[in-house]
Amino acid sequence: MKYRKEIDGLRAVAILPVIFFHAGFKLFEGGFVGVDVFFVISGYLITTIILTDMNNGNFSILTFYERRARRIMPALFFVLLCCLPCAYMWLPPEHLEDFSQSLIAVSGFCSNVLFWLESGYFGIESELKPLLHTWSLAVEEQYYVLFPIFLLLLWKLRKRWLFSSLVVVASMSLAIAEYGRLNFPSANFFLLPGRIWELAIGALIAFLFTYHPELQKAIRQNTKISNTFSIVGLSMICYSTFTFNNSTPYPSFYTIIPTMGAGLIVIFATSKTMVGKLLSTKVMVGIGLISYSTYLWHQPLFVFARHRSLTPPSTTLLLILSAASILFAYISWRYVENPFRNKSRISRKTIFTFTLLGSIVFAGIGITGDINHGYTSRINYSNLTFNGFKEGNEIHLFKNYLGIHEKDNNDSSKFTNYDPNNLTIDTAIFGDSHVNRIAVALGESGHTFVVSGKGGCPPLHGIDVAAGNNKKGVCRNVSESQIQYINTHPEIKNVFLIARWSLYTSGDYESPMDGYFLDDGSGDYSQKKSRELFEIHLRKTLDYYYKKNINLYIFFQIPQQKEHPERLINYILLNNYPLKDIDPYTKTNIKDHLSLQEYNRDTIKKIANNYANTSIISLDDYFCNEEFCMMFKDNTILYDDHDHLSFLGAKKLNEYVSKQLKSRGF
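Here's a quick rundown of the structure. In this text the structure is predicted, and so the values were computed from the model without any measurement. (Residues numbered from 1 in each chain as written. Predicted model: local features only at pLDDT ≥ 70, side-chain atom pairs only at ≥ 80, totals over all residues. Heavy atoms only, no water.)

### Concerning the overall build of the protein chain
(1) Moving on: Summing up its helical and strand segments, the protein chain has 26 helices and 13 strands in all.
(2) Moving on: Here the protein chain, with 666 residues, has 58% of them falling under the buried criterion.
(3) Moving on: Contacts spanning at least 24 positions in sequence make up 77% of the contacts within the protein chain whose residues lie at least 6 apart.
(4) Moving on: In the form shown here, the protein chain has an accessible surface area of approximately 28,100 Å², with 58% of it arising from carbon and sulfur atoms. (Helix = DSSP H or I, 4+ residues; strand = E, 2+ residues; numbered from the N terminus. Buried < 20%, exposed > 50% of the residue type's maximum accessible area, 1.4 Å probe, protein only. Contact = heavy atoms within 4.5 Å. Areas by Shrake-Rupley, 256 points an atom, 1.4 Å probe, with all protein chains shown as cover.)

### Side note on the nonpolar core
(1) Moving on: Grouped together as the largest cluster of nonpolar side chains are 84 residues, with contacts concentrated most on L10, Y44, I50, W135 and Y143.
(2) Moving on: Among the elements that make up this core, the one with the highest residue count is helix α2 (residues 33–55) (13 residues).
(3) Moving on: Counting 42 residues, the second largest nonpolar core, distinct from the first, contains A441, I498, Y553 and V657. (Core = buried A, V, L, I, M, F, W, Y, C linked by side-chain atoms within 4.5 Å.)

### Structural notes on unusual backbone geometry
(1) Moving on: Between Y250 and P251 the backbone carries a cis peptide bond, its omega angle lying at -10°.
(2) Moving on: With respect to the element layout, P251 can be found in the loop between α11 (223–243) and α12 (256–268).
(3) Moving on: Although it is not a glycine, N549 adopts a positive phi angle of roughly 60°.
(4) Moving on: With respect to the helices and strands, the residue N549 is situated in the loop between α21 (527–547) and β8 (551–555).
(5) Moving on: For N549, a relative accessible area of 67% translates into the label exposed.

### Concerning the packing of helix α4 (residues 93–107) against helix α5 (residues 111–118)
(1) Moving on: Close contact between α4 and α5 brings their axes to 8 Å; oriented N to C, the two are set at 145°. Contacts from D98, Q101, S102, A105 and V106 in α4 reach S111, L114, F115 and E118 in α5.
(2) Moving on: For the contact of α4 with α5, the per-class residue count stands at 4 nonpolar, 3 polar and 2 charged. (Axes fitted to C-alpha atoms, helices over the stretch in contact; angles between N-to-C directions. Nonpolar A, V, L, I, M, F, W, Y, C, P; charged D, E, K, R; others polar.)

### Notes on the environment of E563
(1) Moving on: Within the secondary structure, E563 is located in the loop between β8 and α22 (565–575).
(2) Moving on: C-alpha of E563 to C-alpha of L310: the two residues are 253 residues apart in sequence and 8.4 Å apart in space.
(3) Moving on: Ignoring any residue separated from it by four or fewer positions in sequence, one finds E563 in contact with L310, L568, Y585, M631 and H642.
(4) Moving on: In this structure the side chain of E563 is engaged in a polar contact, spanning 3.2 Å, whose partner is the side chain of R567. (Polar contact = N/O pair within 3.5 Å; in protein donor to acceptor, adjacent residues only side chain to side chain.)

### Quick word on the packing of aromatic side chains
(1) Moving on: Applying the stated criterion across every chain, the model contains 45 aromatic pairs.
(2) Moving on: Measuring from ring centre to ring centre gives 6.4 Å for F59 and F64, while their planes differ by 50°; the resulting arrangement is tilted. Just as F59 is buried, F64 falls in that class too.
(3) Moving on: Centre to centre, the rings of F244 and Y254 are 6.1 Å apart; their planes meet at 85°, and the pair counts as edge-to-face. (Phe/Tyr/Trp six-rings, centres within 6.5 Å; stacked < 30°, edge-to-face > 60°.)

### What to know about α4
(1) Moving on: With 15 residues, α4 extends 21 Å from end C-alpha to end C-alpha; this agrees with the ideal 21 Å at 1.5 Å per step.
(2) Moving on: The element α4 is extensively covered by neighbouring structure, given that 11 of its 15 residues are classed as buried.
(3) Moving on: Along α4, the residues that are buried comprise P93, H95, L96, E97, F99, S100, S102, L103, A105, V106 and S107.
(4) Moving on: Contacts made by the buried residues of α4 are with α3 (61–90), α5, α15 (291–307), α17 (348–371) and α22.
(5) Moving on: Immediately beyond the C-terminal end of α4, within one or two residues, lies F109, with a positive phi of roughly 50°. (Expected span 1.5 Å × (residues − 1).)

### Thoughts on the state of the cysteines
(1) Moving on: According to the stated counting rule, one finds 2 disulfides in the structure shown.
(2) Moving on: Note that C624 is cross-linked by a disulfide to C629, the S-S spacing being 2.1 Å. Disulfide C624-C629: the torsion about the S-S bond is 100°, which places it as right-handed.
(3) Moving on: C629 sits in the buried class, given a relative accessible area of 0%.
(4) Moving on: Sequence-ordered numbering of the disulfide-bonded cysteines in the protein chain gives the connectivity 1-2, 3-4.
(5) Moving on: With no disulfide partner, C83 has as its closest neighbouring cysteine sulfur the one in C86, 6.7 Å distant. (Disulfide = S-S within 2.5 Å.)

### So, the pattern of salt bridges
Should their charged atoms come close, side chains of opposite charge can pair.
(1) Moving on: Tallied over the full model, the rule gives 22 salt bridges.
(2) Moving on: The partner of D8 in a salt bridge is R11, with the nearest N and O atoms 2.5 Å apart. Of the two residues, D8 and R11 are both situated in helix α1 (residues 5–23); the distance of 3 residues between them amounts to about one turn of the helix.
(3) Moving on: Classification of D8 by relative accessible area gives buried; the value is 3%.
(4) Moving on: For R11, a relative accessible area of 16% puts it in the buried group.
(5) Moving on: Close ionic contact of R71 with E337 constitutes a salt bridge, the shortest N to O distance being 3.2 Å. Separated by 266 residues along the polypeptide, R71 in helix α3 and E337 in helix α16 (residues 315–341) bring together distant segments of the chain. Taken individually, R71 and E337 each receive the classification buried, so the pair is uniform in this respect.
(6) Moving on: When salt bridges with common partners are traced through the structure, they connect D36, R195 and E198 into a single cluster. (Salt bridge = Lys/Arg side-chain N within 4 Å of Asp/Glu carboxyl O.)

That is the geometry; function is a separate question.
Below is the structure:
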């Protein structure tokens, strides 16, 4: 295959936005599209190599896998090796346990499956996972396992069906991606079925150029057309990079823009076009040559920097780390990647043995770290002077309780009996994951409760949530089961609604929204649409309870903290810092808290004022003074994380909540 400088330059166009996206630069909120550009490039190059070998009659799957191993494994193992001491020294147990699990998954090229099962790609926690970016390597390797077999089978059976069959597979994959963006967004993002079509774009171009060389010749002769379409291609990638963000359904039809842009460059960018000349410059080609190692290095550097400080890395530091990722990449490329590609120095047997042993070693290290729960012995929690950290278990204080964090539980109509005394229920508590701890604060009120909820599902009738914790329809099932319970239990006279309302209407302090209310048919992921649906379904919910003559109590969301208490505690214990060092981070400015809650509180008050049966409960006076909302109080850590109460924190609310409810006739 003839070497094309502009393809390496295109790799630079792919890697730089990815780096700046993971650095957190707002201008590059769509920088994740660089991965899609890589997929197109890989599909083109790999398919060209396979077809060339097949046409020459010397294709070997063993040789193909050898090339992949030489290309991928040495640099990957080198970066993993460098990450190990940093992870052990700087990651708290929970994160080190997660890192250990990712080592296992990376060794088996299934990290995309692991990260799909854990969480989404755009959340705050993703910024603290050193190996999150390896999901794309897993997608490519899974594709490389299947694709040569697919080609070989059709080559022997019906060679003329190759191109059309690939078009069919790509079309099916694109359809899966478009369907998945609404129905299983996280799986759609991480897993192979919704990504095959991106690699297939490059593969189809390889077919055209291999079997229709006259087409490639015509393109090279018509500079005007080549100039136009290559500029359009580069513009499509730039447009995606600077306009897409985490609210863009992805992958989906939107992904056609950057992938087709990359395809146009592969087809039309030649040494005679402006784009081709730009991509063929020494700087662009140089960055492109080391792009794989750069991709491996950048995420761990950013993540470890974030773990090493309680304050977010400065712009200057992020720029330095971005440059460092390129420097380290050059070292990896020159002294690790290149030597392992030299077949005269390193034999096929050696590279396969190296790959197998390396995978076993890193998987073994991961298994050991996972079994030891991130080596909790590194931190002596007995030195902690605060109550509430690592204390307290979930207990069932109520007659009935529906599990909250049962992942992908579509059957939300089963209420499991935990009370042997068979008391009469008079109160229901409905909500998302916040319901269990606020319910603890209600546990000594003298009433008997049923508690129902699921993380990521607010207690609004008929509502559904997209791009959140659950599959499409799950949240609607939860709310329908709650309605059914009320309809069949007329003894229920009081209902509490509890949720992290801002999650679905305003996002977070620093990051934009990633949980949107969903309206069947519209497919509109936007804050405006989400707020519109919030008001519609809030009115529908309040109407229902008003007609049922039920006393309704809506809890305003507790103050959300900007820091994670476990992160603070682990930081001082890992680094032997005095407790006073974390004091500024144990509270959130009340102005920020009220600003985050402004829309949902104003909306709830505006609508609730029309219903005489509805009362609003605010807990601000307990958590906040005139300046700050506290994470610690009375020598107790009140929070489990940024927004959920700890068990002891919830227990401490009993007296305060009882007084609030008593004043409202409960």
